[in-house]
There are 2 protein chains.
Amino acid sequence: MIRILVDGHGGDHAPGVVIEALSTIHAQYSDKLTLGIVGQPDVLLPALQKAELADAVKIIAASEIIDMCESPAIALRRKKNSSIHVGARQVRDGEWDALVSAGNTGALMAISRMILKMLPGVDRPAIASMLPAENGKTLLLDAGANVDSSSEHLTQFAIMGSCYMEAAESIKSPRVGVLNIGSEDIKGTDVVKMAAASIAELDLNFIGNVEGTDLFLDTVDVVVCDGFVGNVALKTMEGVASFIITNLKRKLGGSLSSKLGALLSRNALRRLRKRIDPAEYNGAPLLGLNGIVVKSHGSADALAFTRAIEVAHRQVESKLKSRIVESMNKWLEG
Amino acid sequence: MIRILVDGHGGDHAPGVVIEALSTIHAQYSDKLTLGIVGQPDVLLPALQKAELADAVKIIAASEIIDMCESPAIALRRKKNSSIHVGARQVRDGEWDALVSAGNTGALMAISRMILKMLPGVDRPAIASMLPAENGKTLLLDAGANVDSSSEHLTQFAIMGSCYMEAAESIKSPRVGVLNIGSEDIKGTDVVKMAAASIAELDLNFIGNVEGTDLFLDTVDVVVCDGFVGNVALKTMEGVASFIITNLKRKLGGSLSSKLGALLSRNALRRLRKRIDPAEYNGAPLLGLNGIVVKSHGSADALAFTRAIEVAHRQVESKLKSRIVESMNKWLEG
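Conventions adopted
- Residues numbered from 1 in each chain as written.
- Chains lettered and ligands numbered in written order.
- Predicted model: local features only at pLDDT ≥ 70, side-chain atom pairs only at ≥ 80, totals over all residues.
- Buried ≥ 20, exposed ≤ 12 C-beta atoms within 10 Å, placed from the backbone.
- Helix = DSSP H or I, 4+ residues; strand = E, 2+ residues; numbered from the N terminus.
- Contact = placed C-beta atoms within 7 Å.
- Axes fitted to C-alpha atoms, helices over the stretch in contact; angles between N-to-C directions.
- Parallel < 35°, antiparallel > 145°, perpendicular 65-115°, else oblique.
- Left-handed = near helix turned anticlockwise from the far one by under 90°.
- Nonpolar A, V, L, I, M, F, W, Y, C, P; charged D, E, K, R; others polar.
- Domains from an automatic or database assignment.
- Expected span 1.5 Å × (residues − 1).
- Arc of directions from axis to C-beta.

Caption draft 1: Up close: helix α4 (residues 83-92) of chain B. All names here are of chain B. Of all 10 residues in α4, eight are buried, a share of seventy percent or more. Listed as buried for α4 are S83, I84, H85, V86, G87, A88, Q90 and V91. In this structure, the buried side of α4 is in contact with β1 (2-7), β2 (33-39), β3 (57-61), β4 (98-101) and α5 (105-116). Positive phi shows up at G94, right after α4, with a value of about 80°.

Structure below.
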């Protein structure tokens, strides 16, 4: 049995959506997963009882809660009994295989890093975000854990991203690209050029520079970039998608014929929205930590949180951690 | 009369679309604009004659053509008689008020900069791209002219972008933001933080940090960033928009009811596509040069190229150059 612990107090709608998600996951995976929730028992127990999950989900007590907008540095030092601190220690001590949290990203990152430490050879963790793409998905990393990454960091992201797509998403020999402003070698910053040169030396399926447009095409599986650039790309994507959907709905509401049209094409629109729904892609692994930690979007609903738990499950099941260690060793020795 | 010179050999479909665009512009603006085309007379004259524009459009002879994928550095030094070189010299010498080209971006940038020089106080030119947004448009700069901009460069971009939206787009007191990965002051790289601090000191309507999602909302008018980040954001936007439209069309073709729906909602879809059509936003000014130069997308069609000519027209008409000089002076003295 794989043991997954979720943060009972992370996100905008905790613990409600977290418990709803646990309910779905329990119904679907009770033969494969042992589930736990970390947080304040006096809040969590009644909620679990109400959902008839008191027997199925183990409570791990943690007395403090980190707010969504609290300073990560302060939360890290002052709230040693927060649900994130306790959850990360449980993973470190081997009590649980993974922690899933929709809480404060910076705090989750800082606390996990302090408690779990990094895998050998990895300098910094990266947030890996899955994006919808033609014929599949694309993994973008780093999506915001770091600003000012060096070429060595980007090289490590390439190794981890490739391992992830191969292990957790069963993509054979994933195509790895460096996010740049043109496909030619001479393009971009020195860091990006050095990273491309160094990744080309690795035993990866490296396809060179890719551009923002490639993120949604079937040209690349893993896209490596600095966290500043990755975060801007991710939020730009969210912004455009929401702009288009809003305008489409508004314009479809314009005339009687287009209203009727909208009614008839409603299923098609629904399928499209599902295809690009951030909820479907929820659950960003914090790669590089010596322990599995998955960040759910703070505003995730129950469906989205379920996806984040599945992401954690696949990482444990596919032994991602040891695969990354193996690949890092090969690189360090090579 | 405002005098606009277009590059007869820039872009994937030159001179065809360029001449088609001149034809539209001539029909619409013959009382306001004097039009010229720079390039090889033996190619351009027959084309102008065929379009019945031989009397309306003046040919400026230039013997060489820069290829779309030629190295900018080599084109700069070795093709002194290229249409871009000749066009930029004509603008420098006051023969024409603006140059519009769909040619090689790097070459256009490098040659314009060498020949026209920068406006006093501006260190580097920026490519300013217009994006569709809720209730209007957003100007993003730099969209790819520079990588590794300093905080001083970003400050100059803020001044120029604000002048542009005020002059050429008649936006009163444009809201200026710095593209970052969070709205809090502590977010981002040192360069971005220093830029925000320095822009806050200016006599601009500065609203602080903005994120990728803000680009398409009615929260900001001018978004300042490094050219690497801006280019990634721009191409990500193009990628998402095209992914959504392609999927929507495919899904709408799926069932009979949704086919009928698509038929009925066709006008709404057409209006949406127009709203996000890159052609509608074509024409990126190279701000900061001592002369008006507008870059059209290389794959622009005639409509899109028309828009780029209009962008040049508005810049000249609104005396953008002297407004930028004035604002830069205020900053340098302040």
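Caption draft 2: Region of the structure containing the packing of helix α6 (residues 151-167) of chain A against helix α12 (residues 320-333) of chain A. Residues and elements named next belong to chain A. Running from amino to carboxyl end, α6 crosses α12 at an angle of 140°, the nearest separation of the two axes being 9 Å. Taken together, the axis directions place α6 and α12 in an arrangement best described as oblique. In this structure, α6 meets α12 at a crossing whose hand is right-handed. Within the contact between the two elements, α6 uses I159, M160, C163, Y164 and A167 and α12 uses L320, R323, I324, S327, M328 and W331. Of the residues contributing to the contact of α6 with α12, the split by class is nine nonpolar, one polar and one charged.

Caption draft 3: Region of the structure containing the domain arrangement of chain A. All names here are of chain A. Structurally, chain A comprises domain 1 (1-122 + 288-319) and domain 2 (123-281). Taken over C-alpha atoms, the centre of domain 1 sits 25 Å from the centre of domain 2. For the side of domain 1 that touches domain 2, the leading source of residues is helix α11 (residues 302-317), giving five residues. Residue composition of the side of domain 1 that touches domain 2, grouped by class: seven nonpolar, four polar and six charged.

Caption draft 4: View of helix α12 (residues 320-333) of chain B. Residues and elements named next belong to chain B. Between the first and last C-alpha of α12 there are 20 Å, a value that for 14 residues agrees with the 20 Å anticipated at 1.5 Å per step. For α12, the complete set of buried residues consists of L320, K321, I324 and S327. All buried residues of α12 fall inside an arc of 130° around its axis, so they share one side. Facing away from the buried surface of α12 by more than 90 degrees, the exposed residues are S322, E326, N329 and E333. Turning to α12, the residues buried within the fold contact α6 (151-167), β11 (292-295) and α11 (302-317).

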